[in-house]
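Understanding the architecture of this molecule
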Amino acid sequence: MSNAMLLGPWIRRFLLEHLVGERNLSRNTQRSYRDTLALLIPFVSGKLHKRIDRLLITDAGSEHVRAFLADLEETRGCSVTTRNQRLAAIHAWAGFVGLHSPEHIVWSGELRCIPFKKASTQPVPYLEKKEMDALLNAPDQSRAQGCRDHALLLFLYNSGARADEAAQLLISDLDLAPSARDYSSVRIRGKGNKLRYCPLWPQTAQVLKSIIASRPVTERVFLNRRKQPITRFGIHGMVVRYAALVAKCVPSIATKRVSPHSIRHTTATHLLRAGVDINTIRAWLGHVSLDTTNIYAETDLDMKAKALACCEVNETARKKRWRDDAGLMAFLKSL
């Protein structure tokens, strides 16, 4: 049996040659595609009762891929969005195989014809100002760990950075001004290795100075208790832990799903309320499309309430003008 028929060599070529060598995709995208195939291959192997190293490329047919997608939702409890993300990785893999192996074009077409499932859109979660302030004040700043947690929460709120972006932040990426009168900024590596610069509040710059003092510029800014670089999972766990603590004092937080990404949504919403231009917010958050940023304008209930109040005022004024016009017509008819 030739290697062109086996599944393993094609997986290797796709992950190492195509994603890395040809496409130069980001690290997170490579891991996402790898994880998808790491779930799919054992699933197909179990269905066919074949060893993984003996699987053929055609064994991962459309029937088994559809069963795999259904298993993601039913057994693993994944959302429709996650299901579609896994399917996108399978589409990319099938397209790669079909492009380099003409005898597998039909197989590739069958996989790529599997449609994405429509997902319901959920409102963007964000925190109100008093909720965000309570979260920032939750860490015990009398302890070194509490100071780091406060600095991390404040940085997430200031910059709107994703959890992975904050975890990968180097000390050399910080440009901290010597005094509060000057501007401080940070260089953030976003999705697709795209760079963007964000201003830092004097308060943020001050707390960051305290946690990076006397450390090499090549180190990560945020470290865990073992003095190792914190991961995005560690950041998520820290935010969830403080959210649960704050919920005892601010009950409204208990009804919300608080995560590093909801702090990112909070940053965008509060910038929008402050009157910042939507295109500036797009650049601040590192969005490619302005359509992605527009969801905050559609979600903010406070801005909608103000718009409704303006409509009510305008309606009252219109009725007043109508009454004035009616009185004028009655007066003219009496002449």
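Residues numbered from 1 in each chain as written. Predicted model: local features only at pLDDT ≥ 70, side-chain atom pairs only at ≥ 80, totals over all residues. Heavy atoms only, no water.

1. What about the overall build of the protein chain?
For the protein chain, the count of helices and strands is 14 helices and three strands. Across the 335 residues in the protein chain, those meeting the buried criterion constitute 41%. Within the protein chain, counting contacts between residues at least 6 apart in sequence, those at least 24 apart form 63% of the total. Of the roughly 19,300 Å² of accessible surface on the protein chain, a fraction of 56% belongs to carbon and sulfur atoms. (Helix = DSSP H or I, 4+ residues; strand = E, 2+ residues; numbered from the N terminus. Buried < 20%, exposed > 50% of the residue type's maximum accessible area, 1.4 Å probe, protein only. Contact = heavy atoms within 4.5 Å. Areas by Shrake-Rupley, 256 points an atom, 1.4 Å probe, with all protein chains shown as cover.)

2. With respect to the sheet that holds strand β1 (residues 174–175)
Read across the sheet, three strands follow the order β1-β2-β3 without closing on themselves; strand pairing throughout is antiparallel. Each end of this open sheet is capped by a strand with a single partner; those strands are β1 and β3 (195–200). One ladder, built from six bridges, connects strand β2 (residues 184–189) with β3; its direction is antiparallel. Its bridge partner lying in β3, Arg187 is registered against Tyr197. The strands touched by helix α9 (residues 202–212) within the sheet are β1, β2 and β3, with β3 carrying the most contacts at an inclination of about 105 degrees. (Pairing = 2+ DSSP bridges. Axes fitted to C-alpha atoms, helices over the stretch in contact; angles between N-to-C directions.)

3. Side note on the side chain of Asn158
Within the secondary structure, Asn158 sits in helix α7 (residues 144–159). Only 3.2 Å separates the side chain of Asn158 from the backbone oxygen of Pro199, close enough to count as a polar contact. Here Thr204 takes part through its side chain, which lies 2.8 Å from a polar atom of the side chain of Asn158. Contact partners of Asn158, with chain neighbours within four places excluded, come to Pro199, Leu200, Trp201, Thr204, Thr267 and Trp284. (Polar contact = N/O pair within 3.5 Å; in protein donor to acceptor, adjacent residues only side chain to side chain.)

4. Comments concerning helix α12 (residues 278–285)
The complete set of buried residues in α12 reads Ile281, Trp284 and Leu285. All buried residues of α12 lie within an arc of 85 degrees about the axis, which places them on one face of the element. Downstream of α12 by one or two residues, Gly286 has phi in the positive range, about 80 degrees. (Arc of directions from axis to C-beta.)

5. Things to note about the packing of aromatic side chains
Applying the stated criterion across every chain yields a total of seven aromatic pairs. Arranged with centres 6.1 Å apart and planes meeting at 75 degrees, the rings of Trp10 and Phe96 form a pair that is edge-to-face. With Trp10 in helix α1 (residues 7–22) and Phe96 in helix α4 (residues 80–100), this pair connects stretches of sequence that are 86 residues apart. The class of Trp10 is buried, set by a relative accessible area of 5%. (Phe/Tyr/Trp six-rings, centres within 6.5 Å; stacked < 30°, edge-to-face > 60°.)

6. Let's talk about the side chain of Ser101
Along the chain, Ser101 turns up in the loop between α4 and α5 (105–112). Here His104 takes part through its side chain, which lies 2.8 Å from a polar atom of the side chain of Ser101.

7. Considering the confidence of the model for the protein chain
Overall, the predicted model of the protein chain reaches an average pLDDT of 87, with 88% of residues at or above 70. Least confident of the elements in the protein chain is helix α14 (residues 301–334), whose mean pLDDT is 54; most confident is helix α3 (residues 62–74), at 96. (pLDDT = per-residue confidence, 0-100.)

8. A short note on the packing of α7 against helix α10 (residues 232–246)
Direction vectors running N to C along α7 and α10 enclose 100 degrees, while the axes themselves pass 11 Å from each other. Of the possible angle classes, the one that applies to α7 and α10 is roughly perpendicular. Contacts from Arg148, Asp149, Leu152, Leu153 and Leu156 of α7 reach α10 at Ile235, Met238, Val239, Arg241 and Tyr242. Among the residues making up the contact of α7 with α10, the classes are represented as seven nonpolar, no polar and three charged. (Parallel < 35°, antiparallel > 145°, perpendicular 65-115°, else oblique. Nonpolar A, V, L, I, M, F, W, Y, C, P; charged D, E, K, R; others polar.)

9. Focus on α5
Listed as buried for α5 are Trp107, Ser108 and Leu111. Projected down its long axis, α5 shows its buried positions confined to an angular sector of 100 degrees, all on one face. Looking at the packing, one finds that the buried side of α5 touches α3 and α4.

10. Remarks on the pattern of salt bridges
In the structure shown here, the tally under the stated rule is 16 salt bridges. Where Arg273 meets Glu128, a salt bridge forms, and the shortest distance between an N and an O atom there is 2.9 Å. Taken together, the positions of Arg273 in helix α11 (residues 260–273) and Glu128 in the loop between α5 and α6 (129–136) put the pair 145 residues apart, joining distant regions of the chain. Arg273 gets classed as partly exposed once you look at its relative accessible area, which sits at 25%. (Salt bridge = Lys/Arg side-chain N within 4 Å of Asp/Glu carboxyl O.)

11. Thoughts on the pairing of β2
What you see with β2 is a clean split: Ser184, Val186 and Ile188 sit on the buried side and Ser185, Arg187 and Arg189 on the side with no burial. Examined bridge by bridge, β1 and β2 share two bridges and lie antiparallel to one another. Bridging across to β2, Asp175 finds its partner in Ser185. Connecting β2 to the next strand, β3, in antiparallel fashion are five residues, including Gly192 with a positive phi near 70 degrees.

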